[in-house]
Amino acid sequence: MQSMESNSVEQDRKWQLELEEYSRQGEPGRAEKSAAWQAAIGLQAVDGLEPSPYLVETAKAHIEGNVDISGAKQRIQSYYEARKDRQTVENGTMEADTVSVRIAELLGEKTFQFSPAELQNIHRRLFTGIFDHAGSFRTYNITKKEWILNGDTVIYSSYDSIRDMRWTTILPRKSSFPMRKFPFRRRCATL
C-alpha cells in the first residue's frame, strides 16, 4: 500500500523533477525561468491544485526559449478555449494552469513595489476571470481549510484593517521596495 502512495506522490511531482533539471543545467535565464515556474506551480499545489501536462510542456517550451511568456499565456488560454467541454472536465487544472502562467509572468518582471495598490494589482492579474472579486479588497472576514495544515486555517487579517494597514510598519521608509536587488529565489519567496 505504501509503495502505491509513494508512486502516486512521485507521479504528482513529476513536473517538479522535469523543471528542476533546467536549474541543474545552470544556463543563465533557463534556471531563473525554471525557478519561476516551479514557484508558480508549487503555489497551486499548496491549494491542492495540480497543473495539466500541457502546462508543464508549455513551461518547458518557455524555459527553452521556444516561446515567450506572452506566447505561453496564449497557449494556455487557447488550450481551454479550444474545447469548452475541457473546461468542465479539467476545471481544477484550468485554474492551476491559468494562475501558474500569470505567476510565472509576474516573477519574470524585474520590478516590484510593495504597496497596497501593487498587491491589489497582483491579485487582479492573477485571478481575473477566475474570481469575481479579483483585485478588490475583501469586505468580509474569511477562513479557509488548508489541506497542508491538516484542515486548519491560516489567520487572515480582518477585512476592515486591510485598507487601513500602515505599510510603513513592515517596510523601510521608502514606499518603493526594489526587489531586483535581491536574488531571484528571494523575490519568488516574497510573493
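Our subject is the structure that appears above.
Cut-offs and rules
Residues numbered from 1 in each chain as written. Predicted model: local features only at pLDDT ≥ 70, side-chain atom pairs only at ≥ 80, totals over all residues. Heavy atoms only, no water. Helix = DSSP H or I, 4+ residues; strand = E, 2+ residues; numbered from the N terminus. Buried < 20%, exposed > 50% of the residue type's maximum accessible area, 1.4 Å probe, protein only. Contact = heavy atoms within 4.5 Å. Areas by Shrake-Rupley, 256 points an atom, 1.4 Å probe, with all protein chains shown as cover. Core = buried A, V, L, I, M, F, W, Y, C linked by side-chain atoms within 4.5 Å. Expected span 1.5 Å × (residues − 1). Axes fitted to C-alpha atoms, helices over the stretch in contact; angles between N-to-C directions. Parallel < 35°, antiparallel > 145°, perpendicular 65-115°, else oblique. Left-handed = near helix turned anticlockwise from the far one by under 90°. Nonpolar A, V, L, I, M, F, W, Y, C, P; charged D, E, K, R; others polar. Phe/Tyr/Trp six-rings, centres within 6.5 Å; stacked < 30°, edge-to-face > 60°.

Our focus in this paragraph is the overall build of the protein chain. A tally of regular secondary structure across the protein chain gives 10 helices and zero strands. Listed by position from the N terminus, the elements making up the protein chain come as α-α-α-α-α-α-α-α-α-α. Within the protein chain, buried positions represent 34% of all 191 residues. The contacts in the protein chain between residues at least 6 apart in sequence include a share of 57% that link residues at least 24 apart. Accessible surface for the protein chain amounts to roughly 12200 Å². Of this, 52% is attributable to carbon and sulfur atoms.

In this section: the nonpolar core. Counting 26 residues, the largest nonpolar core has Leu19, Trp37, Ile41, Ile69, Ile103 and Leu126 as the members making the most contacts within it. At the level of elements, helix H2 (14-25), helix H3 (30-46), helix H4 (53-63), helix H5 (69-82), helix H7 (91-108) and helix H8 (116-127) are the ones that each hand at least two residues to this core. Aside from chain neighbours lying at most four places away, what touches Trp37 is Leu19, Leu55, Ala59, His62, Ile63, Ile69, Ala72, Ser100, Val101 and Ala104.

With that settled, consider H3. Over its 17 residues, H3 extends 24 Å from the first C-alpha to the last, a length consistent with the 24 Å expected when each residue adds 1.5 Å. Every buried residue belonging to H3 is among Ser34, Ala35, Ala36, Trp37, Gln38, Ala40, Ile41, Gln44 and Ala45, and all of these are buried. Immediately beyond the C-terminal end of H3, within one or two residues, lies Gly48, with a positive phi of roughly 80°.

We now examine the side chain of Glu118. For Glu118, the location among the structural elements is in helix H8. Every residue in contact with Glu118, bar those within four places of it in the chain, is listed here: Phe112 and Gln113.

Of note, Val101 is situated in helix H7. Taking C-alpha positions, Val101 is 8.1 Å from Ala59, a pair spaced 42 residues apart along the chain. Setting aside chain neighbours within four positions, we find Val101 in contact with Trp37, Ile69, Ala72 and Lys73.

With that out of the way, let us pick up the packing of H3 against H4. For the pair H3 and H4, the least separation of the axes is 9 Å and the interaxial angle reads 155°. In this view, H3 runs roughly antiparallel relative to H4, as classed from their interaxial angle. Note on packing geometry: the crossing formed by H3 with H4 is right-handed. Every residue of H4 that contacts H3 at Arg30, Lys33, Ser34, Trp37 and Ile41 is listed here: Leu55, Ala59, His62 and Ile63. The class makeup of the residues in the contact of H3 with H4 is five nonpolar, two polar and two charged.

A few words now on the packing of aromatic side chains. Across all of its chains, the model carries three aromatic pairs by this definition. A ring pair is formed by Tyr79 and Tyr80, whose centres lie 4.8 Å apart and whose planes are at 85°; its orientation type is edge-to-face. Classification of Tyr79 by relative accessible area gives buried; the value is 16%. Among the residues examined, Tyr80 registers a relative accessible area of 2% and is labelled buried. With a centroid separation of 5.2 Å and an interplanar angle of 45°, the aromatic rings of Phe127 and Phe131 are classed as tilted. Looking at Phe131, the relative accessible area reads 32%, which means it is partly exposed. An aromatic cluster is defined as three or more aromatic residues linked by ring pairs; in this entry it consists of Tyr54, Tyr79 and Tyr80.

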